[in-house]
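Descriptive structure summary
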Amino acid sequence: MPHEGDKDAAQACLRLRGLERRVRGTLGRGRRAARAPLGAGPSRGNAGSRRKWGSCPAARPRRGWGLGAASAVVRSGRPDAVPDPMPTPPPESAALGNSRVPGMVLKAFFPTCCASADSGLLVGRWVPEQTSAVVLAVVHFPFIPIQVKELLARVQQASQVGVAVLGTWCHRRQDAEESLGHFLEGLGAIFSHEPWLQLCRERGSKFWSCKATRRQAPTCPGAPGEDQVMLVFYDQRKVLLSQLHPPVALPDHQAGDAVAGAGGLAAVFDTVARSEELFRSDRFDEGPVRLSHWQSEGVEASILAELAKRASGPICLLLGGLLSLVSAASACRVFQLWPLSFIWSKLSTCEQLRHRLEQLTFVFSTQKAENPTQLMRKANVLVSVLLDVALGLALLSWLHGKDRIGHLAEALVPVADHVAEELQHLLQWLMGAPAGLKMNRALDQVLGRFFLYHLHLWISYIHLMSPFIERILWHVGLSACLGLTVALSILSDIIALLTFHIYCFYVYGARLYCLKICGLSSLWRLFRGKKWNVLRQRVDSCSYDLDQLFIGTLLFTILLFLLPTTALYYLVFTLLRLLVVAVQGLIHVLVDLINSLPLYSLGLRLCRPYRLAAGVKFRVLEHEADRPLRLLMQINPLPFSHVIRTYRLPSCGCHPTHSWGSLCRKLFFGELIYPWRQKGDKRD
């Protein structure tokens, strides 16, 4: 009924008289909760603060804790995490613009480099959806207001950040400066902003005074005209150079725009990163406006860095042209014919050269990096290539020192003869009674002599190539100047060529074993009255006559009794083949490690951990009664495992990756295990 609604509104207005006292009491209880140990439950004061405050929307306290959407931790001296003691109000609707609910907590992010600056104006960005003010610089006296506004307009146009004058900063160093506070309060009429911050550092004391005043009248009678301010100090240089993970895409909205769902801490990092135009002036400039920020004592610069920036354009253009010519030559139709295309797709050296060509084309492209992630990837690729070439040159100098290539060539032929001799002893052992097993003598002799013949052919081939081995190794050593990965890929291909006879033995044994397994499985279906339907890819019922069953029984018996002899040869040569594949796999793992390891990101994480930020933590600096809460924001570095997972580079991926189940299945059924990827293999 109408008279009941008027009665509720009157009760709500009567409760507004004690609103300010209750809010301050809630803040005091939050500070005491920050000193409590980790895991302590909510106090009665916090539970009592959830009571109904009346029907007036401005009189109700807002829900939520912490510093916005991003996770934050308040730390007081020790690393134990405690909840954020300050309640954070949610944003108002877009129709309210810059207006805020009175009596709530405002977070002011203040750079530590401006703590000792002279008095002036606070320049920064107001984030309405997080009820936060990010201070970027301090404008000192004397200044002309129109020149300050022109500077802010120029910065806003260059950075697309709503930079404005947020309030005043007063640093009282002498008694004569006490009257300066009245003058600073009057600047709010020239630089109108809602709310208007007033930060003051008292003379000869560590205490600060923070106020946030409003010029608009309160929406409800009796509401306080000032807001509680929580002061958060941050290192401007570290925040500017750091990259918050995971990256959050922030909308390009100005102060007073509609509320957007962006993280509070991400908004702080984005504001500082995009306001680099404001930090290009220092105290040596003769401009009309004098600022204090992290580069106010002098802009950081390096002669070598400037020379590298100026020379990078022509160098990238030249190298990009050369790489495009190499890519065009490699894509010629002559190299796409069947024998050359097959060999190029199977050799590890060709795959590694193709991978390096793609990486160099990406690094030396004239197109500018679109985002920090792509820039980090370019840096990782460049450092990986430089380290690869450095290791290759070190290997090249070691090989050509003290005639080590000649010693390797002299030792290679005796090693090949020793391996062939051991294989010959193994075949002779298999042709007898290996481990006391009763083998089919006729088939055993045929297989043994067949493999011995191939072994003698291989020994003759090695002795025929022995005069040219030193020259071949000398040219292979020169390829190390292209990188250690290229030299390792050539080593893998050389191992594949030197063990080609073992591969042939494995293929012969695997094909013969697979043929017998397939024959036995087909004849076993014949006994059960089944057959394999090729069209429908399933097993169907089938009726056989007496002659078919008789012939199938004879073939099944013959294959079954010959299977142990074939299986033994297949087992021995499969083990030898797996040994060679394991050695090549270790070489491929080392190559992939050099190709995909993000060395630049790991170096940044080791030397400058703040560059890769996983989040922030807060340490309480001051939490006394009737004083604004002061916090210090510190950057949590990204863990090394997350750095590798985030910035890992793609590898060439030319070698196969089999699971244990698929590998055992292929070994049991006699399927070939290739050291390269097939067309039907799935890529990870």
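To continue, consider the overall build of the protein chain. If you tally the helices and strands in the protein chain, you get 20 helices and 14 strands. For the protein chain, the proportion of its 684 residues judged to be buried stands at 42%. Counting every atom, the protein chain has about 37900 Å² of accessible surface; 62% of that belongs to carbon and sulfur.

Within an α-helix, residues lying three or four positions from one another point in the same direction, as the helix has 3.6 residues per turn. Across its 28 residues, helix α12 (residues 404–431) extends 41 Å between first and last C-alpha, which sits within 8% of the 40 Å expected from 1.5 Å per residue. Close packing links the buried residues of α12 with α11 (372–399), α13 (441–465), α14 (469–478), α16 (500–527) and α17 (546–596).

Right, let's talk about the environment of Leu629 for a bit. Topologically, Leu629 is positioned in the loop between β13 (612–622) and β14 (630–637). Of the residues examined, Leu629 reaches a relative accessible area of 3% and is grouped as buried. Distance from Leu629 to Trp208, taken between C-alpha atoms, is 9.6 Å for residues 421 residues apart in sequence.

Once that is clear, we can look at the packing of α13 against α16. Where α13 meets α16, the closest approach of the two axes is 9 Å, and the angle between their N-to-C directions is 155 degrees. In terms of orientation, α13 and α16 fall into the roughly antiparallel class. When the axes of α13 and α16 are compared, the crossing they make is right-handed. Here α13 contributes Leu443, Leu447, Phe450, Phe451, His454, Leu455 and Trp458 to the contact with α16, which in turn contributes Phe500, His501, Phe505, Tyr508, Leu512 and Lys516.

A contiguous nonpolar patch, built from Phe550, Ile551, Leu554, Leu555 and Ile558 and spanning about 500 Å² of accessible area, is present on the exposed surface. Assignment of secondary structure puts Ile551 in helix α17. For Ile551, a relative accessible area of 48% corresponds to the partly exposed category.

Bringing the pattern of salt bridges into the picture now. Counted by the stated rule, this structure contains six salt bridges. The salt bridge partner of Asp540 is Arg538, with a shortest N-O separation of 2.9 Å. Looking at Arg538, the relative accessible area reads 40%, which means it is partly exposed.

Before going further, it helps to spend a moment on the packing of helix α15 (residues 484–498) against α17. At a minimum axis separation of 10 Å, α15 and α17 run at an interaxial angle of 165 degrees. Viewed along their axes, α15 and α17 adopt a mutual orientation that is roughly antiparallel. In the crossing of α15 with α17, the sense of the turn from one axis to the other is left-handed. On α17, the residues touching Leu484, Thr485, Leu488, Ser489, Leu491, Ser492, Ile495 and Ala496 of α15 are Val580, Val583, Gln584, Ile587, His588, Leu590, Val591, Ile594 and Asn595. For the contact of α15 with α17, the per-class residue count stands at eleven nonpolar, six polar and no charged.

We now examine the environment of Leu353. The topology assignment puts Leu353 in helix α10 (residues 348–363). Overall, Leu353 belongs to the partly exposed group, its relative accessible area being 38%. Residues Leu353 and Val486, spaced 133 residues apart in sequence, show a C-alpha to C-alpha distance of 7.1 Å. Residues contacting Leu353, with those up to four places away along its chain left out, are Leu482 and Val486.

Close inspection of predicted coordinates is inappropriate in any region flagged by low pLDDT. Looking at the protein chain as a whole, the pLDDT averages 75, with 74% of positions reaching at least 70. Here strand β1 (residues 74–75) stands out as the element of the protein chain with the lowest mean pLDDT, 36, in contrast to helix α18 (residues 599–607), whose mean of 92 is the highest. When the criterion is pLDDT under 50, residues 248–262 qualifies, and its contacts beyond four places in sequence or with other chains add up to 29 contacts.

Turning our attention to the packing of aromatic side chains. All chains considered together, the criterion is met by 20 aromatic pairs. Taking 5.0 Å as the distance between ring centres and 70 degrees as the angle between the ring planes, the aromatic pair formed by Phe451 and Phe505 counts as edge-to-face. Of the two residues, Phe451 is situated in helix α13 and Phe505 in helix α16; the sequence distance between them amounts to 54 residues. Classification of Phe451 by relative accessible area gives buried; the value is 2%.

Right, let's talk about the environment of Phe143 for a bit. By secondary structure assignment, the location of Phe143 is in the loop between β4 (132–140) and α4 (145–159). Each C-alpha atom of the pair Phe143 and Gly120 lies 9.4 Å from the other, and the pair is 23 residues apart in sequence. Contact partners of Phe143, with chain neighbours within four places excluded, come to Leu121, Val148, Leu187 and Phe191.

Time to look at the pairing of strand β3 (residues 120–127). In terms of burial, β3 is a largely internal element, eight of the eight residues being buried. For β3 and β4, the ladder comprises eight bridges, and the chain directions are antiparallel. Of the residues in β4, the one forming a bridge with Arg125 is Val134. The antiparallel hairpin formed by β3 and β4 contains four residues in its connecting segment, where Thr131 sits at a positive phi of about 55 degrees. As defined by bridge partners, β3 adjoins strand β5 (residues 163–171) across six bridges and the pair is classed as antiparallel. Opposite Val123, over in β5, you have Val165 as the bridge partner.

The subject of this paragraph is unusual backbone geometry. Geometrically, the link from Phe141 to Pro142 is a cis peptide bond, its omega value of -5 degrees lying close to zero. Phi at Thr131 is positive, roughly 55 degrees, even though this residue is not glycine. With respect to the secondary-structure elements, Thr131 resides in the loop between β3 and β4. Even without being a glycine, Gln537 presents a positive backbone phi close to 55 degrees. Looking at where Gln537 falls in the secondary structure, it is placed in the loop between β11 (530–533) and β12 (538–541).

Enumeration over the complete set of coordinates arrives at zero disulfides. Among the cysteines around Cys170, which has no disulfide bond, Cys200 carries the closest sulfur, lying 4.0 Å off. With relative accessibility at 6%, the residue Cys170 sits in the buried group.

Cut-offs and rules
- Residues numbered from 1 in each chain as written.
- Predicted model: local features only at pLDDT ≥ 70, side-chain atom pairs only at ≥ 80, totals over all residues.
- Heavy atoms only, no water.
- Helix = DSSP H or I, 4+ residues; strand = E, 2+ residues; numbered from the N terminus.
- Buried < 20%, exposed > 50% of the residue type's maximum accessible area, 1.4 Å probe, protein only.
- Areas by Shrake-Rupley, 256 points an atom, 1.4 Å probe, with all protein chains shown as cover.
- Expected span 1.5 Å × (residues − 1).
- Contact = heavy atoms within 4.5 Å.
- Axes fitted to C-alpha atoms, helices over the stretch in contact; angles between N-to-C directions.
- Parallel < 35°, antiparallel > 145°, perpendicular 65-115°, else oblique.
- Left-handed = near helix turned anticlockwise from the far one by under 90°.
- Patch = residues over 30% accessible without salt bridge, like charges linked within 9 Å, V, L, I, M, F, W, Y side chains within 5 Å.
- Salt bridge = Lys/Arg side-chain N within 4 Å of Asp/Glu carboxyl O.
- Nonpolar A, V, L, I, M, F, W, Y, C, P; charged D, E, K, R; others polar.
- pLDDT = per-residue confidence, 0-100.
- Phe/Tyr/Trp six-rings, centres within 6.5 Å; stacked < 30°, edge-to-face > 60°.
- Pairing = 2+ DSSP bridges.
- Disulfide = S-S within 2.5 Å.

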